[in-house]
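Spelled out from the first residue to the last, the chains are:
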Amino acid sequence: MRRAILSRVRQLRIERAAVLALALAWLGSIAPGARADAPGYEYADQRFQIEVSVPGDTGSLRAEITPRAPWKLSADFPIRFSVEGGPTARTPVPGSPDGAILDLPLSELPSGRISGRISVAVCQGELCERADHDFQIETP
């Protein structure tokens, strides 16, 4: 009996370690970090994904917001993309429920580390939630 209990305890420890390893791998895949092709910031949760980057030669700081099914972006609430000490971009109302891309000109932004906020509302059926998300990114 004691041997069976010890065997089960070992099995549970192995399973717990495997779950922890998977959780850490998942967190690492969505945690803020630099992208290989450009400076960037990424965030995701069960409702939406945000990517902030300086793509190629566009001369802009870009925010891409993509809802995750079954969530949609609210057509009645403008998405706001703002930078401390810089301009703010907003989507028109009504907006697209399937995603949005907002650009801020780099020439109007401070160089180096930039802090900002993205405000978005996502809906699932009649339920809508507003989310304000702070970000930091290093610009060229």
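Structure: see above.
What comes next is a walk through the structure. (Residues numbered from 1 in each chain as written. Predicted model: local features only at pLDDT ≥ 70, side-chain atom pairs only at ≥ 80, totals over all residues. Heavy atoms only, no water.)

1. What about the packing of aromatic side chains?
Cut-off, in case you're wondering: Side-chain rings of Phe, Tyr and Trp (the six-membered ring for Trp) are treated as a pair once their centres are within 6.5 Å; stacked means planes under 30 degrees apart, edge-to-face means over 60, and tilted covers the remaining angles. The numbering of helices and of strands both runs from the N terminus, where a helix is a DSSP run of H or I of at least 4 residues and a strand a run of E of at least 2. A 1.4 Å probe rolled over the protein chains alone gives each residue an accessible area, and that area as a share of the maximum for its type sets the label: buried under 20%, exposed over 50%, partly exposed in between.
Tallied over the full model, the rule gives three aromatic pairs. With centroids separated by 6.3 Å and ring planes inclined at 40°, the aromatic side chains of Tyr41 and Phe135 adopt a geometry described as tilted. Here Tyr41, found in strand E1 (residues 40-44), pairs with Phe135, found in strand E9 (residues 127-139); they are 94 residues apart in sequence, far enough to count as distant. Assessed through its relative accessible area of 3%, Phe135 is described here as buried. Ring centres of Phe81 and Phe135 lie 5.8 Å apart, and the angle between their planes is 35°; this geometry places the pair in the tilted category. Here the residue Phe81 occupies a position in strand E5 (residues 80-83), and Phe135 occupies one in strand E9, the gap between them amounting to 54 residues. Joined through ring pairs, the aromatic side chains of Tyr41, Phe81 and Phe135 make up one cluster.

2. A closer look at the sheet that holds strand E7 (residues 100-105)
Note the following rule: Paired strands, as defined in this entry, are two strands with at least two bridges between them according to DSSP. For helices, the fitted axis covers only the stretch in contact; all axes are lines through C-alpha atoms, and the angles between them, taken along N-to-C directions, range from 0 to 180 degrees.
Overall, antiparallel pairing links the four strands, which are arranged E1-E2-E3-E7 in an open sheet. In the strand order of this sheet, the two ends are held by E1 and E7, each with one partner. Sheet twist, expressed as the average angle between the axes of neighbouring strands with direction ignored, equals 10°. Bridge count between strand E3 (residues 60-67) and E7: six bridges; the pairing is antiparallel. Counted as the bridge partner of Ala63 is Leu102 from E7.

3. Digging into the state of the cysteines
Cut-off, in case you're wondering: Disulfide assignment relies on a single distance test, namely cysteine sulfur atoms paired within 2.5 Å.
Inspection of the entire model under this criterion finds one disulfide. Here Cys123 pairs with Cys128 through a disulfide, and the sulfurs are 2.0 Å apart. One quick way to see it: the torsion about the S-S bond of Cys123 and Cys128 is about 105°, and its sign makes the bridge right-handed. With a relative accessible area of 12%, Cys123 lands in the buried category. Take Cys128: its relative accessible area is 45%, and that puts it in the partly exposed class.

4. Quick look at the pairing of strand E2 (residues 48-53)
Inspection of the sheet shows E1 paired to E2 by five bridges, in the antiparallel sense. Counted as the bridge partner of Gly40 is Ser53 from E2. Between E1 and E2, which pair antiparallel one after the other, the connecting turn spans three residues. Counting the residues between successive antiparallel strands, the hairpin from E2 to E3 contains six residues, one of them, Gly56, with a positive phi of roughly 40°.

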